[in-house]
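A structural walkthrough
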Amino acid sequence: MRGYCLKRRAGVLMLVVILFMTGSGLADAVLEEKTLALGESRIAWPQAAGLGNTELEERVNRTIVEEGRITDWLARMSQLISDGWIRTDWQGTITGNLLSVSLLTEGMVETRRESSVWTAVNLDLTDGAPFSWRQLFRDPQEAETALAARLEEIAASDLSAMLLSSAVTPLPELFRMDREGLTFLYPADQLCTLHDRAGD
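Below is a summary of the structure that appears in this document. Remember, predicted model here, so these are calculated numbers, not experimental data.

Moving on, we come to the packing of aromatic side chains. Two aromatic rings are characterised by how far apart their centres lie and by the angle between their planes. Considering all chains together, one arrives at three aromatic pairs under this definition. With a centroid separation of 5.1 Å and 80° between ring planes, the pair formed by Trp 133 and Phe 184 is classed as edge-to-face. Of the two residues, Trp 133 sits in the loop between β8 (129–130) and α3 (140–159) while Phe 184 sits in strand β11 (residues 181–184), which places them 51 residues apart along the sequence. An identical accessibility class is assigned to Trp 133 and Phe 184; each is buried. Site record: aromatic cluster; members linked through ring pairs are Trp 133, Phe 137 and Phe 184.

As structure tokens, then:
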């Protein structure tokens, strides 16, 4: 890991940590989208393919469904078929041997009041084991201290007018990574825009 940078997008905060990863990874591995829609609602989520190991592939895809709360969102969609909406969209990549996916569910997620919820799945595709963002750093404590300090500075000076809640620390456990870096995914009660969208 060599550096940190920050990006702002549509009133939410996206923290990017520049990572340098090695390894050729799984050449044939891809993420394919699955979708179910009812009325005004739509639930989309990824499934991994081309891992070269059927048992591992099934386990990875089962974990995506479980950790992404896909079953919960499909059940909620069926409740809202005639009045209301819910939508899940995802972003994700396979970088080397690491799968990283974030899912944002918006709409009448739990009540009639519109809100949003992040979920994330980060797996090592060599064995299907989960990994945390701290495992990406040689010195996780040093990285956390530096990232938290920079985020506090940016949120206090530049973003306070756009946020309803703006506690950027402690850093959340949910994240998504890709070749550009690392994005932290905040719960709505910790970092939220004026439109009640959970922050990233």
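After that view of the structure, there is still more to cover.
As a further point, take the nonpolar core. Grouped together as the largest cluster of nonpolar side chains are 25 residues, with contacts concentrated most on Ile 43, Leu 51, Val 60, Trp 73 and Leu 99. Contributions of two or more residues to this core are made by β4 (41–49), α1 (54–67), α2 (70–79), β5 (86–95), β6 (98–107) and β7 (115–124). Looking at this core element by element, the count peaks at four residues for β4. Those residues within four positions of Trp 73 in sequence are excluded, and the remaining contacts are Ile 43, Gly 68, Ile 86, Thr 88, Thr 105, Val 109 and Val 117. Grouped together as the second largest cluster of nonpolar side chains are 14 residues, Leu 98, Ala 143, Val 168 and Tyr 186 included.

Time to look at the pairing of β7. Across the ten residues that make up β7, a large majority, eight, are buried. Bridge analysis of β6 against β7 gives ten bridges, and the strand direction is antiparallel. Across the sheet, the residue bridging to Gly 107 is Ser 115, located in β7. Taking the residues between adjacent antiparallel strands as the criterion, β7 and β8 are bridged by four residues, where Gly 128 takes a positive phi near 80°.

To continue, consider the environment of Glu 32. Looking at the element boundaries, Glu 32 is found in strand β3 (residues 30–38). As for Glu 32 and Trp 45, which are separated by 13 residues in sequence, their C-alpha atoms are 8.3 Å apart.

By the element assignment, Thr 105 lies in strand β6. A polar side-chain atom of Thr 105 sits 2.8 Å from a polar atom in the side chain of Thr 88.

Here the focus is α2. Burial in α2 covers these residues: Ile 70, Trp 73, Arg 76 and Met 77. Down the axis, α2 shows its buried residues gathered within 125° of arc, on one side only. In α2, the exposed residues that point more than 90 degrees away from the buried face are Thr 71 and Gln 79. Buried-residue contacts for α2 involve β3, β4, α1, β5, β6 and β7.

Here we come to the pattern of salt bridges. Under the definition given, this model contains eight salt bridges. Between Glu 33 and Arg 42 there is a salt bridge; the shortest N-O distance is 3.0 Å. For the salt bridge of Arg 134 with Glu 144, the shortest nitrogen-to-oxygen distance reads 3.5 Å. Remark: Glu 144 occurs in helix α3 and Arg 134 occurs in the loop between β8 and α3; sequence separation between them is ten residues. A relative accessible area of 24% places Glu 144 in the partly exposed class.

Cut-off values and rules
Residues numbered from 1 in each chain as written. Predicted model: local features only at pLDDT ≥ 70, side-chain atom pairs only at ≥ 80, totals over all residues. Heavy atoms only, no water. Phe/Tyr/Trp six-rings, centres within 6.5 Å; stacked < 30°, edge-to-face > 60°. Helix = DSSP H or I, 4+ residues; strand = E, 2+ residues; numbered from the N terminus. Buried < 20%, exposed > 50% of the residue type's maximum accessible area, 1.4 Å probe, protein only. Core = buried A, V, L, I, M, F, W, Y, C linked by side-chain atoms within 4.5 Å. Contact = heavy atoms within 4.5 Å. Pairing = 2+ DSSP bridges. Polar contact = N/O pair within 3.5 Å; in protein donor to acceptor, adjacent residues only side chain to side chain. Arc of directions from axis to C-beta. Salt bridge = Lys/Arg side-chain N within 4 Å of Asp/Glu carboxyl O.

Nothing here speaks to function; it is geometry throughout.
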